[in-house]
Amino acid sequence: MKNYNITLIKGDGIGPEIIDEAVKVLDAVASSCDFDFSYDEALMGGIAYDMTGDPLPQETINKSLNSDAVLFGAIGGPKWDNLPREKRPESGLLRFRKELGVYANLRPAVVYQELINASSLKPEIIKDVDIMVVRELIGGIYFGEPKGRTEEKGWNTMVYTRSEIMRIAHQAFRIAQQREKRVCSVDKANVLDVSQLWRDTVIEVSAEYPDVELTHMYVDNAAMQLVLNPRQFDVMLTGNIFGDILSDEASMLCGSIGLLPSASVGEKIGVYEPIHGSAPDIAGQGVANPIATIASASMMLRYALGEIEAADKVDSAIKKVLKEGYRTGDLAQFDAKEVCSTNEIGSIIANYLDR
Ligand code: IPM
Ligand code: MG
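Worth saying up front: this structure is predicted, and the values here are computed from it rather than measured.

One turn of the α-helix equals 3.6 residues, which is why residues spaced by three or four share an orientation. Thr60, Ile61 and Ser64 are the residues of helix H3 (residues 58-65) that are buried. For H3, the arc enclosing every buried residue in end-on projection is 100 degrees, short of the 170-degree limit, so these residues lie on one face. If you follow the buried residues of H3, they end up packed against strand E1 (2-11), strand E3 (69-74) and helix H4 (89-100).

Pasting the structure below:
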């Protein structure tokens, strides 16, 4: 029987609760599709700092690189907010992405018809929205030098090289070829030199994909267009910080940030994680929505392991459970038949895999 070796990084806040539910669903789908998982836990974030003094122990990088895929929960919390920057949980995550070389962050924002009333936007605006944000993840202002701060001044630098832009642009065009064949590249080329290079390079790469339509949008306009007419977008190609912001915005088209999965991929290995954070305010109460993590596990099945049938089963179980009105607290006011705990909704999804 095929056995996949998965590194689990539960992290902080609600991380452990939501990962436990994803593992429950993964085990259930594996036994129904005749393969197997072995899991190895690794530390990152605040808990790693507390236990080892480092938010990203080397062992976590080694384990991850030696596994078939990484399933990641969330990191961070107020407890660690006042540490020096390099000790903070977020620095561990950024270093992790860099070490693993996961330069492409894929964030689908798909509106579940079953939750069409859950968005703050009108149903007719969000109906049939299906956007893929392709966010560059290991460059841009998150990593650029010089950076620093004194008492009076703080600075970061947005840097992109042509080759960094080219590889993420290729990803976006290849993904678009599997979808509606439209890429909207987001930049601030009217102000930033780095964005002008971004735009010129994306245009150059687009020549290799004549079947894909390329448009460009300034990031401020893109933020507006996302709520004005989100259906106009198929693939949105963005740099690191613009994609961070726009993917949170896109999540609200779908009703709850607790629903949206992501995949971070590169040449070596993929990291699968919900787009939301560690939600320290609700941690440990059993009310977190594990669906984003379960959907991330499904992306892992599909993209890292090639277990398409299993991924389809998980996706359709999520849809059926939502359709039947099972909701966690974040979605309780939207046609809920039953409000469930984190643990309950995970079990219900696991039970719906073969229905
Ligand atoms: C995300 C998060 C991270 C980011 C933080 C936690 C460093 O917001 O994955 O979107 O900014 O990339
Ligand atoms: Mg973010």
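Scanning the model with the defined rule gives 7 aromatic pairs in all. On the numbers, 5.7 Å between centres and 25 degrees between planes, the contact of phenylalanine 37 with tyrosine 39 is stacked. A residue is classified by how much of its surface remains accessible, and tyrosine 39, at 25% relative accessible area, is partly exposed. A network of ring pairs unites the aromatic residues Tyr4, Phe35, Phe37 and Tyr39 as a single cluster. If you follow lysine 98 out to its NZ or CZ, it ends over the ring of phenylalanine 143, 4.6 Å from the centre. A cation sits over an aromatic face here: arginine 355 above tyrosine 352, 4.2 Å from the ring centre.

Bringing the site of ligand 1 into the picture now. The environment of ligand 1 is made up of Glu90, Arg97, Arg107, Arg135, Tyr142 and Asp244. Take tyrosine 142: an N or O atom from its side chain is 2.6 Å from an oxygen atom of ligand 1. Take aspartate 244: an N or O atom from its side chain is 2.9 Å from an oxygen atom of ligand 1. Across the complex, the protein chains shield 77% of the 320 Å² of accessible surface that ligand 1 would expose by itself.

Below, the discussion takes up the domain arrangement of the protein chain. Each domain of the protein chain was delimited in the assignment, giving domain 1 (1-111 + 255-355) and domain 2 (120-237). When each unit is reduced to the centre of its C-alpha atoms, the spacing between domain 1 and domain 2 is 25 Å. Counting residues at the interface gives 16 residues for domain 1, matched by 17 residues for domain 2. Between domain 1 and domain 2 lies a buried interface of about 1,700 Å² when both sides are counted; carbon and sulfur atoms form 63% of it. Summed over the shared surface of domain 1 and domain 2, the result is 0 salt bridges. Between the two partners, domain 1 and domain 2, sit 6 residue pairs in polar contact (both at pLDDT 80 or more). Of all elements in the fold, only H4, strand E4 (104-110) and strand E11 (261-265) reach the threshold of two or more residues within the side of domain 1 that touches domain 2.

Any two packed helices are characterised by how steeply their axes cross, that is the angle between the axes, and by the distance between the axes. Interhelical geometry of helix H11 (residues 308-323) versus helix H12 (residues 342-351) gives an angle of 120 degrees and a closest axis separation of 8 Å. Looking at the two axes, H11 sits oblique to H12. When you trace H11 past H12, the crossing you get is right-handed. Here Ala317, Ile318 and Val321 of H11 come into contact with H12, specifically with Ile345, Ile348 and Ile349.

So, how was this worked out
- Residues numbered from 1 in each chain as written.
- Chains lettered and ligands numbered in written order.
- Predicted model: local features only at pLDDT ≥ 70, side-chain atom pairs only at ≥ 80, totals over all residues.
- Heavy atoms only, no water.
- Buried < 20%, exposed > 50% of the residue type's maximum accessible area, 1.4 Å probe, protein only.
- Helix = DSSP H or I, 4+ residues; strand = E, 2+ residues; numbered from the N terminus.
- Arc of directions from axis to C-beta.
- Contact = heavy atoms within 4.5 Å.
- Phe/Tyr/Trp six-rings, centres within 6.5 Å; stacked < 30°, edge-to-face > 60°.
- Lys NZ or Arg CZ within 6 Å of the ring centre and 35° of its normal.
- Near = heavy atom within 4 Å.
- Polar contact = N/O pair within 3.5 Å; in protein donor to acceptor, adjacent residues only side chain to side chain.
- Areas by Shrake-Rupley, 256 points an atom, 1.4 Å probe, with all protein chains shown as cover.
- Domains from an automatic or database assignment.
- Buried area = accessible area lost by both parts, 1.4 Å probe.
- Salt bridge = Lys/Arg side-chain N within 4 Å of Asp/Glu carboxyl O.
- Axes fitted to C-alpha atoms, helices over the stretch in contact; angles between N-to-C directions.
- Parallel < 35°, antiparallel > 145°, perpendicular 65-115°, else oblique.
- Left-handed = near helix turned anticlockwise from the far one by under 90°.

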